[in-house]
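Tertiary structure, described
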Amino acid sequence: MEDRLQMDNGMVPHKIVSVHLQESTLKELAQVAPSSKEQSVSSNQMDEVTPGVTVKSELGVAESAGQGEEEKSRLEKESEHEDESSSLPDKETGAGEHHHLHLSSCHECLQLENSTIESVKFASAEDITELSDDSKSKLEEKNDDHLARGIKRVNIAGKPPNILIYLGSKSGKVEFEQVKSILQECIDTDSYTIYQLHEEQVLKDPWIDNSVLLIIATDKPISEENHKKFMKFLSTGGKILGFSSLFTFDGIQIKRKNRLKTVDELVVSKMDSTEIKLNLLVSGCVFEEVMKKDTSKVKTLSRLNNADKDTVIVHLAYGDSGGEAVLSQAHLELDINSMDVQTEEDFNLLKISNTKRYEVLKDILVSLGLSCELSEIPVLTPLYLLSSDEEIHLAFLKWLEGNVDAEGLRTSSKVSLKFVSSRESKMEITPSLMPVITEMGSFSSEHFSLKTYQQNLQTKKLGKIVLFAEVTTTTMNLLDGLMFELPEEMGLIAIAVRQTQGKGRGGNVWLSPVGCALSTLHITVPLHSNLGQRIPFIQHLVSLAVVESVRSIPGYEDIDLRVKWPNDIYYSDLMKLGGVLVNSTLIETTFHILIGFGFNVNNSNPTICINDLITKFNKEEGTKLKPLTADCLIPRTVTVLERLIDIFQEKGPNGILPHYYKYWVHSGKQVHLYNEEGPMAWIVGIDDYGYLQVYEEGKGVESVHPDGNSFDMLRNLIVPKH
């Protein structure tokens, strides 16, 4: 962390400490460095957040602008009162009261903001109610069923389940894409994301509790340390699929019969007890059982159709938590284009068996608990230019006249927009060129009501101009060509029903099925302001705004929706419902900030959604709260965010933190420092710049400046970096 920062005199800080400490018994520390002129900053953020109590706002589902001002005033008074009783210091922290380290480049600023804890990836693994992944009944019946049953271990983290592919020590980009490609053709791509598990990540990254399936696709020996890690994954209920690997356990050993890989006929036993014959490329190895007391956990799934009936695919159960593995010495993962086929006969045999290969692989994946109901990748649709205010809509069209070429095109390095008055029969729509229909009268959508959006947007500037798409790549790219030149009062927001290339923090893939609230909002923040000096706080404000957009509706105050530091939305402290991604660019003395936020409103699979929580609450409390919709909650979030920003600019962090702490999950949490046997400490809050603070007896309070996987909520473990 320290080596990413520099002061005006070129010196690098030796150690970073908090400038905002709590508890009267603790000494206040201050870090002083000359302020500086910032050149250009680009920041990128996205991860997890947690529970608290309700902020007592009275924001109605469609409140008036007057009510909004009253709410802001009430929040300010409440925050003043709470500041006095809070353990936080009463001293204001305005921009003028602090000197700041500056960032030496755009890249380093991005790294700074990314240094917020990246691995708060887990919910509690204990006592989680089970959530079915295959319920397809009515919404309320489905929600009741989901919350009455319990969640399988596959989705402990509350994130879309991850499938990891381990290829050994080689980088294996080509091999990874081969395995990933076949998986994507078999599984429900809306329900799973696929990543490569690199060699260096096996032992140090907390992937075990955040993955549904590990695929081992290397024929190299597995180290003893890695083997132990893989067995630990199985012991916690994990699933493993081996493709011609040397990984074995519990009474199974590998015997090499052929020096070379060969194309052989297999007989495979399917889940429905039928058999299927097909030709596959076999590694040259077979499985043999070693005499052991308990052989009931070993099941042969496939044998070679030869005289010895050699075993080439086995199923093994492990432990008492549902761990299981299917190990194959047949290359189910390779298609004909990925093999070095020596003869025409082999080529033909493999081609003829290709459909059966998919059938067998799907059967195995289903046996390991995965969903293989394929979802078609939706086709991109045109954008619609919408507005909550007709006057602003006309003003935007007038601005466009002087800011597009003769063809109505506004170019951008990410997505170029072509503005047209009405929808044409043949419109070119690509990830880099999208038409924008400017006539609002032609707009209609079963998933988005402009009227509902208008009723719930009560802002002065934000969210006034809407670019709406049924299906787009990612909303984060749509505003790029407009935001730097558009007048500030024409607040831009992009909204989509579905995204095909949703983005998450740290390069994560963000799944975006129907039922999510998906949007990217543009805001501007002066550099020399409370928030301009504390840009990392934006993620906290947005997370808080999402939670309050629901819990400030009369009757919905006790819906257990919370924030988890630094930027995720959670059901209690158990399951993730959404998250925030922030990109910022400093031009002269103004930050242009794109805020991407997405949260599950009405999509119970693959995790849980807000309407599940409402259904649960109705059942428990005997209430009849109505389900909510994305076109209601997106404008409510924007409305709350604008007020939170105003309060922060006037009062600094202390104007917001009392409300934030009501909703977060970390209050009073006791954690270990450094490792699981390390000293105990308590989470006490966040400092003036948005970093987590912990108190260790005898040492006082320090800020956690994480780098990588340093905060493991599941194990109550924090590793401060110095």
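Because the structure is a prediction, the values reported are computed rather than measured. (Residues numbered from 1 in each chain as written. Predicted model: local features only at pLDDT ≥ 70, side-chain atom pairs only at ≥ 80, totals over all residues. Heavy atoms only, no water.)

In terms of regular secondary structure, the protein is built from twelve helices and 31 strands. Within the span of the protein, comprising 722 residues, buried residues form 58% of the whole. The long-range share in the protein, meaning contacts at least 24 apart out of those at least 6 apart in sequence, stands at 70%. Counting every atom, the protein has about 30300 Å² of accessible surface; 48% of that belongs to carbon and sulfur. (Helix = DSSP H or I, 4+ residues; strand = E, 2+ residues; numbered from the N terminus. Buried < 20%, exposed > 50% of the residue type's maximum accessible area, 1.4 Å probe, protein only. Contact = heavy atoms within 4.5 Å. Areas by Shrake-Rupley, 256 points an atom, 1.4 Å probe, with all protein chains shown as cover.)

Before going further, it helps to examine the packing of aromatic side chains. Summed over the entire model, instances satisfying the criterion amount to 18 aromatic pairs. Taking 5.1 Å as the distance between ring centres and 45° as the angle between the ring planes, the aromatic pair formed by Tyr661 and Trp664 counts as tilted. Across this residue pair, the class does not change: Tyr661 and Trp664 are buried. Through successive ring pairs, a cluster of aromatic residues spans Tyr166, Trp207, Phe230, Phe233, Phe247, Phe249 and Tyr318. (Phe/Tyr/Trp six-rings, centres within 6.5 Å; stacked < 30°, edge-to-face > 60°.)

This part covers the pairing of strand β7 (residues 239-243). The buried count for β7 comes to five of five residues, which makes it a mostly enclosed element. Judged by which residues are buried, β7 turns out to be covered on both faces: Lys239, Leu241 and Phe243 on one side and Ile240 and Gly242 on the other are all buried. Where strand β6 (residues 213-216) meets β7, four bridges bridge the pair, whose relative direction is parallel. Across the sheet, residue Leu214 finds its bridge partner in β7, namely Ile240. For the segment spanning β6, helix α5 (residues 224-235) and β7, crossover handedness is right-handed. As defined by bridge partners, β7 adjoins strand β14 (residues 323-328) across five bridges and the pair is classed as parallel. Counterpart to Phe243 in the pairing with β14 is Ser328. (Pairing = 2+ DSSP bridges. Right-handed = clockwise from strand over helix to strand, strands pointing away.)

Before going further, it helps to examine the side chain of His666. Secondary-structure assignment places His666 in the loop between α12 (657-663) and β26 (670-673). Polar contacts involving the side chain of His666 include one to the main-chain amide nitrogen of Trp565, which spans 3.1 Å. (Polar contact = N/O pair within 3.5 Å; in protein donor to acceptor, adjacent residues only side chain to side chain.)

All right, on to unusual backbone geometry then. Cis geometry marks the peptide bond from Trp565 to Pro566; its omega dihedral reads 5°. Locating Pro566 in the fold gives a position in the loop between β22 (561-564) and β23 (568-571). One non-glycine residue, Ser244, lies in the positive phi region at around 50°.

Mapping Asp363 onto the fold places it in helix α6 (residues 344-367). Judged by its relative accessible area of 16%, Asp363 falls in the buried class. The spacing of Asp363 and Ser269 is 94 residues in sequence and 9.8 Å in space, taken between C-alpha atoms. Setting aside anything within four residues of it in sequence, one finds Asp363 in contact with Lys270 and Met271.

What follows covers the pattern of salt bridges. By the definition in use, this model includes twelve salt bridges. The closest approach of N and O atoms between Glu324 and Lys239, which form a salt bridge, is 2.9 Å. Taken together, the residues span a long stretch of sequence, with Glu324 in strand β14 and Lys239 in strand β7 at a distance of 85 residues. Of the two residues examined, Glu324 and Lys239, each falls in the buried class. In this structure, the salt-bridge partner of Lys576 is Asp568, at a minimum N-O distance of 3.2 Å. You'll find Lys576 and Asp568 in the same group, each marked buried. (Salt bridge = Lys/Arg side-chain N within 4 Å of Asp/Glu carboxyl O.)

For strand β15 (residues 383-387), the buried fraction is high: five of the five residues fall into the buried class. Side-chain alternation along β15 places Leu383, Leu385 and Ser387 on one buried face and Tyr384 and Leu386 on a second face that is also buried. Relative to strand β18 (residues 433-437), β15 is paired through two bridges, and the arrangement is parallel. The residue bridging Tyr384 from the neighbouring strand is Ile437, located in β18.

The next thing to look at is the side chain of Gln499. Looking at the secondary structure, you find Gln499 in strand β20 (residues 492-499). A polar atom in the side chain of Gln499 sits 2.9 Å from the backbone nitrogen of Thr475.

Here we come to a positive patch on the surface. Side chains of Lys170, Lys220, Arg256 and Lys261 sit close together on the surface and give a patch of like positive charge. Counting through the fold element by element, Arg256 comes out in strand β8 (residues 252-256). (Patch = residues over 30% accessible without salt bridge, like charges linked within 9 Å, V, L, I, M, F, W, Y side chains within 5 Å. Lys, Arg positive; Asp, Glu negative; His and termini not counted. Charge placed at Lys NZ, Arg CZ, Asp CG, Glu CD.)

What follows deals with helix α10 (residues 610-621). The end-to-end C-alpha separation of α10 is 16 Å, in line with the 16 Å expected for twelve residues at 1.5 Å each. Note on α10: the residue one or two positions beyond its end, Gly622, has a positive phi of about 70°. (Expected span 1.5 Å × (residues − 1).)

Time to look at helix α11 (residues 630-651). Three- or four-residue spacings in an α-helix give side chains the same orientation, since the helix completes a turn every 3.6 residues. For α11, spanning 22 residues, the distance from its first C-alpha to its last is 31 Å, which sits close to the expected 32 Å at 1.5 Å a residue. Burial analysis of α11 places 20 of its 22 residues in the buried class, which makes it a mostly covered element. Following α11 by one or two positions, Gly652 adopts a phi angle in the positive range, close to 75°.

Direction vectors running N to C along helix α9 (residues 537-551) and α11 enclose 130°, while the axes themselves pass 8 Å from each other. In this view, α9 runs oblique relative to α11, as classed from their interaxial angle. Crossing hand, α9 versus α11: right-handed. Contact with α9, carried on its side by Phe537, Leu541, Val542, Leu544, Ala545, Val546, Glu548, Ser549 and Val550, involves Leu633, Arg636, Thr637, Val640, Leu641, Leu644, Ile645 and Phe648 of α11 and no other residues of that element. (Axes fitted to C-alpha atoms, helices over the stretch in contact; angles between N-to-C directions. Parallel < 35°, antiparallel > 145°, perpendicular 65-115°, else oblique. Left-handed = near helix turned anticlockwise from the far one by under 90°.)

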